[in-house]
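Given next are the chains, with one letter for each unit.
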Amino acid sequence: MKNRLELRAITRSFEDGGTARVILDKLDFKAAEGELVAVIGPSGSGKSTFLSVAGALLEPSSGEVLLDGEPINRMGKQELADVRLRKLGFIFQSANLIPYLKVEEQLRLVANLAGVSKTKAAERARELLDQMGLSHRRTAYPEKLSGGERQRVAIARALMNDPSVLFADEPTASLDAARGLDIVQMLARQVKERNKSAVMVTHDERVLAWCDRVYVLENGKLIEQ
Ligand SMILES: Nc1ncnc2c1ncn2[C@@H]1O[C@H](COP(=O)(O)OP(=O)(O)O)[C@@H](O)[C@H]1O
Ligand SMILES: [Mg+2]
């Protein structure tokens, strides 16, 4: 199986009153195609930092991030922005939808930014919304949606540009147990059917059954369970 995402000896520290506090400590990680990998750990252990480095939102202090075998650390700003838009998809704790856009417009916007044709974007949006059980919500504004529906839109949006890797930071944190399970099941299904990789950081131990592998982030390192 091909590795879509690989982190090699990643270290990241933050300045803390004049001293550097190490959050990620020579950490290694791999996610192959078709895999949904979970990372758990207590609050403050560095999960969001890990996800931000893996998703090229934050530079590591040292180490390498490879996306489809390509090191992203040496890319320029513009190239990196392009990679983020086309090859990576992000899902956060709250869906972060744009309040004045209808559901289908949220999806078409990201396709538009990536230069996908209007026809193709409309077609993809329709397909993804169908798969997420949201066809009847196509023309709704975010304020009319439930929390679970918003997260489903966020997943669809993250998939719009057909990325290699999906990143989800506590995607179930704002949902009740049943809705949380729904969301992770849908994410898992998309990962399998479309042969994506996904990395999900979570507090929510109930959803781990849907993940292929589980890591614990502890003292700056990932330990596979
Ligand atoms: N930009 C930053 N500047 C300084 N410290 C940070 C920054 N981001 C995170 N930290 C610190 O790094 C630690 C890990 O944070 P985070 O990755 O958000 O953990 P988690 O997501 O597991 O709760 C925390 O102690 C946090 O205060
Ligand atoms: Mg966090």
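We now turn to the structure provided with this report. (Residues numbered from 1 in each chain as written. Chains lettered and ligands numbered in written order. Predicted model: local features only at pLDDT ≥ 70, side-chain atom pairs only at ≥ 80, totals over all residues. Heavy atoms only, no water.)

## Looking at the pattern of salt bridges
Here is step 1 of the chain: Applying the stated rule across the entire model yields 19 salt bridges.
Here is step 2 of the chain: Residue Arg4 pairs with Asp68 through a salt bridge whose shortest N-O separation is 3.4 Å. You can see Arg4 sitting in strand 1 (residues 3–16) and its partner Asp68 sitting in the loop between strand 4 (62–67) and strand 5 (70–71), a full 64 residues away along the chain.
Here is step 3 of the chain: By relative accessible area, Arg4 is classed as buried at 13%.
Here is step 4 of the chain: The exposure class assigned to Asp68 is partly exposed, which follows from its relative accessible area of 23%.
Here is step 5 of the chain: Through salt bridges with shared partners, one network takes in Arg4, Glu33, Asp68 and Lys87. (Salt bridge = Lys/Arg side-chain N within 4 Å of Asp/Glu carboxyl O. Helix = DSSP H or I, 4+ residues; strand = E, 2+ residues; numbered from the N terminus. Buried < 20%, exposed > 50% of the residue type's maximum accessible area, 1.4 Å probe, protein only.)

## Some details on the nonpolar core
Here is step 1 of the chain: Ranked by size, the top nonpolar core spans 42 residues in total, and within it Leu36, Met160, Leu187 and Met200 carry the most contacts.
Here is step 2 of the chain: Of all the elements in the fold, those that place two or more residues in this core are strand 3 (36–40), helix 3 (103–113), helix 4 (118–131), helix 5 (147–159), strand 7 (165–169), helix 6 (177–194), strand 8 (197–201) and strand 9 (213–218).
Here is step 3 of the chain: A total of 6 residues in this core trace back to one element, the largest contributor, which is helix 5.
Here is step 4 of the chain: Here Met200 is in contact with Leu36, Val37, Ala38, Val39, Ala168, Pro171, Val184, Leu187, Val207 and Cys211, once residues within four sequence places are set aside.
Here is step 5 of the chain: The next biggest cluster of nonpolar side chains, apart from the first, holds 30 residues, and it includes Leu27, Val53, Met75 and Val201. (Core = buried A, V, L, I, M, F, W, Y, C linked by side-chain atoms within 4.5 Å. Contact = heavy atoms within 4.5 Å.)

## So, the packing of aromatic side chains
Here is step 1 of the chain: For the structure shown, the criterion picks out 4 aromatic pairs.
Here is step 2 of the chain: Relative to Phe167, the ring of Phe90 has its centre 5.4 Å away and its plane inclined at 20°; by these criteria the two rings are stacked. Taken as a pair, Phe90 in strand 6 (residues 88–91) and Phe167 in strand 7 lie far apart in primary sequence, 77 residues in all. For the pair shown, Phe90 and Phe167 are each scored as buried.
Here is step 3 of the chain: Three or more aromatic residues joined by ring pairs form one cluster here, namely Phe29, Phe50 and Tyr215. (Phe/Tyr/Trp six-rings, centres within 6.5 Å; stacked < 30°, edge-to-face > 60°.)

## Topic: the sheet that holds strand 2 (residues 19–32)
Here is step 1 of the chain: Reading across the sheet, the 4 strands line up as 2-1-4-5 and stay open at both edges, with antiparallel pairing between neighbours. Across the chains shown, the open sheet's two edge strands, defined by having one partner strand only, are strand 2 and strand 5.
Here is step 2 of the chain: For strand 1 and strand 4, the ladder comprises 5 bridges, and the chain directions are antiparallel. Note that in strand 4 the partner of Leu7 across the bridge is Val65. (Pairing = 2+ DSSP bridges.)

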